[in-house]
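Each chain, letter by letter, is given below.
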Amino acid sequence: MVSKPPVELVNAQQAGVDALVSLMHTTLNNMEKLASLNLSTMRDALHQGASSTQELLQARDPQAVISATQPTLERTRHYYHNLYELVLGMQQDITQVMESHFRMLSENAEKSLINSAVQVPVGGEA
């Protein structure tokens, strides 16, 4: 005869699976955002690259070179700013999932200890 596992163990395993699934969803959503950011940046770079290159080739003084490279530098800064925001948001999402999971595990462990203490017969502590 196979015995049933304790309810606390089943609940802890379910909570672990739920946390893992939530982390996978969070990761996939953020990877989609990263792919979208990279594609839009690449598309923009391709469209603007030809005109920027043409301007650089025609530049004759340092000021013309600086003005020709300024839009590229601004797009690069914008990309890294968006990348930073995306990574920061992903970190916050993962932290929230993990804190929730550990809070639930802590509560379940506390309940399990209380239930175990209640079920110990009088004099059974020794």
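This is a predicted model, so every value here is computed, not measured. (Residues numbered from 1 in each chain as written. Predicted model: local features only at pLDDT ≥ 70, side-chain atom pairs only at ≥ 80, totals over all residues. Heavy atoms only, no water.)

A look at the overall build of the chain
Here is step 1: Counting secondary structure elements, the chain contains 2 helices and 0 strands.
Here is step 2: Here the chain holds 126 residues, and 11% of them are scored as buried.
Here is step 3: Here the analysis covers contacts within the chain between residues at least 6 apart in sequence; of these, 78% occur between residues at least 24 apart.
Here is step 4: Approximately 10,000 Å² of the chain is accessible, and the part contributed by carbon and sulfur atoms is 62%. (Helix = DSSP H or I, 4+ residues; strand = E, 2+ residues; numbered from the N terminus. Buried < 20%, exposed > 50% of the residue type's maximum accessible area, 1.4 Å probe, protein only. Contact = heavy atoms within 4.5 Å. Areas by Shrake-Rupley, 256 points an atom, 1.4 Å probe, with all protein chains shown as cover.)

Some words on the layout of surface pockets
Here is step 1: Taken as a whole, the largest pocket encloses approximately 170 Å³ of empty space.
Here is step 2: What lines the largest pocket is simply L37, S40, T41, D44, A45, T72, R75, T76, H78, Y79 and N82.
Here is step 3: The set of elements that each furnish at least two residues to the lining of the largest pocket consists of helix 1 (7-58) and helix 2 (62-119).
Here is step 4: Per-element accounting of the lining of the largest pocket gives the leading share, 6 residues, to helix 2. (1 Å grid on protein atoms, 1.4 Å probe; cavity = no way out; pocket = protein on both sides within 12 Å on 5 of 7 lines; lining within 4 Å. Points joined across faces, edges and corners; volume = space filled by probe spheres on them.)

Side note on the pattern of salt bridges
Here is step 1: Considering all chains together, one arrives at 2 salt bridges under this definition.
Here is step 2: E74 is the salt-bridge partner of R77, the closest N and O atoms lying 2.8 Å from each other. Residue R77 and its partner E74 are located together in helix 2, separated by 3 residues, close to a single helical turn.
Here is step 3: What makes R77 partly exposed here is its relative accessible area of 47%. (Salt bridge = Lys/Arg side-chain N within 4 Å of Asp/Glu carboxyl O.)

As for the packing of aromatic side chains
Here is step 1: All told, the structure shown has 1 aromatic pair when counted by the stated rule.
Here is step 2: Relative to Y80, the ring of Y79 lies with its centre 5.1 Å away and its plane at 75°, an arrangement referred to as edge-to-face. (Phe/Tyr/Trp six-rings, centres within 6.5 Å; stacked < 30°, edge-to-face > 60°.)

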